[in-house]
Amino acid sequence: MRKLYIVRLTKQERLELEDIVKKLKGTGQKVRRAQILLKANADGPHWSDARFAEAYGCRTRTVERLRQRFVEHGFEETLHRVERKQPPVEKLLNGNQEARIIATRLGSPPKGYNHWTLRLLARKVVELEIAETVSYETVRRTLKKMV
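Scoring rules and cut-offs
- Residues numbered from 1 in each chain as written.
- Predicted model: local features only at pLDDT ≥ 70, side-chain atom pairs only at ≥ 80, totals over all residues.
- Heavy atoms only, no water.
- Helix = DSSP H or I, 4+ residues; strand = E, 2+ residues; numbered from the N terminus.
- Buried < 20%, exposed > 50% of the residue type's maximum accessible area, 1.4 Å probe, protein only.
- 1 Å grid on protein atoms, 1.4 Å probe; cavity = no way out; pocket = protein on both sides within 12 Å on 5 of 7 lines; lining within 4 Å.
- Points joined across faces, edges and corners; volume = space filled by probe spheres on them.
- Nonpolar A, V, L, I, M, F, W, Y, C, P; charged D, E, K, R; others polar.
- Axes fitted to C-alpha atoms, helices over the stretch in contact; angles between N-to-C directions.
- Parallel < 35°, antiparallel > 145°, perpendicular 65-115°, else oblique.
- Contact = heavy atoms within 4.5 Å.
- pLDDT = per-residue confidence, 0-100.
- Core = buried A, V, L, I, M, F, W, Y, C linked by side-chain atoms within 4.5 Å.

Moving on, we come to the environment of Gly57. Take Gly57: it is sitting in the loop between α3 (49-56) and α4 (60-73). Classification of Gly57 by relative accessible area gives exposed; the value is 56%. Taking the C-alpha atoms as reference, Gly57 lies 9.1 Å from Arg32; in sequence the two are 25 residues apart.

Turning our attention to the layout of surface pockets. When its volume is computed, the largest pocket comes out at roughly 320 Å³. Residue lining of the largest pocket: Arg65, Gln68, Arg69, Glu72, His73, Glu77, Arg81, Val82, Glu83, Arg84 and Lys85, and that is the complete set. When residues of the lining of the largest pocket are assigned to their parent elements, the largest contribution, five residues, is made by α4. Per-class residue counts for the lining of the largest pocket are one nonpolar, two polar and eight charged. Of the voids in this model, the second largest pocket is the one considered here, and its volume is about 230 Å³. Lining the second largest pocket we find Gln29, Arg32, Arg33, Ile36, Cys58, Thr62, Arg65, Leu66, Arg69 and Arg81. Broken down by secondary-structure element, the contributors of at least two residues to the lining of the second largest pocket are α2 (28-40) and α4.

Running from amino to carboxyl end, α2 crosses α4 at an angle of 75°, the nearest separation of the two axes being 11 Å. The pairing of α2 with α4 is recorded here as roughly perpendicular in orientation. Taking contact as the criterion, the partners of Arg33, Ile36, Leu37 and Ala40 in α2 are, on α4, Val63, Leu66, Arg67, Arg69 and Phe70. A breakdown of the residues in the contact of α2 with α4 according to their chemical character gives six nonpolar, no polar and three charged.

For the chain, the average pLDDT comes to 86, and 97% of its residues sit at 70 or higher. Averaged pLDDT values for the elements of the chain fall to 84 in α3 and rise to 94 in helix α7 (residues 118-127).

This part is about the nonpolar core. With 19 residues, the main nonpolar core has Leu9 and Leu17 as its most contacted residues. Within the residue set of this core, elements represented by two or more residues are α1 (11-23), α2, α3, α4 and α5 (75-80). With six residues, the top contributor of residues to this core is α2. Those residues in contact with Leu17 that lie beyond four places of it in its chain are Leu9, Ala34, Leu37, Leu38, Phe75 and Leu79. In terms of nonpolar packing, the next biggest core, distinct from the first, is built from 12 residues, Leu93, Ile101, Leu120 and Ala122 among them.

What follows is the structure, encoded as structure tokens:
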């Protein structure tokens, strides 16, 4: 099968990777990424992804994604695994809404109840229009921050 993403390392990049592998400099993941990139180089051995996975104790999909990241994002981001700027899912509540939920929880529960349950509190938050919709799990996470 023909590979979609071909890794072509410059001489400087290759020297940096060899240095990391030789001295085991950095985390285990960084060393493994360096080893895979060195072998995946177009001038290197023409191994299959399955052989990479077997040799370095990872999955074939890991090798594919590593090559893809190198081609699309460059050497530095591939090797050092830059953290993403935004989380994969936006926060559902802002600080003001969280504070109002905590204040509601600290108040007395409605008549007929001895204490607040998460589901009861979630319904009250929607009723008080603190948030348009909220699940009891979101309320739980918000209250857990308080402890």
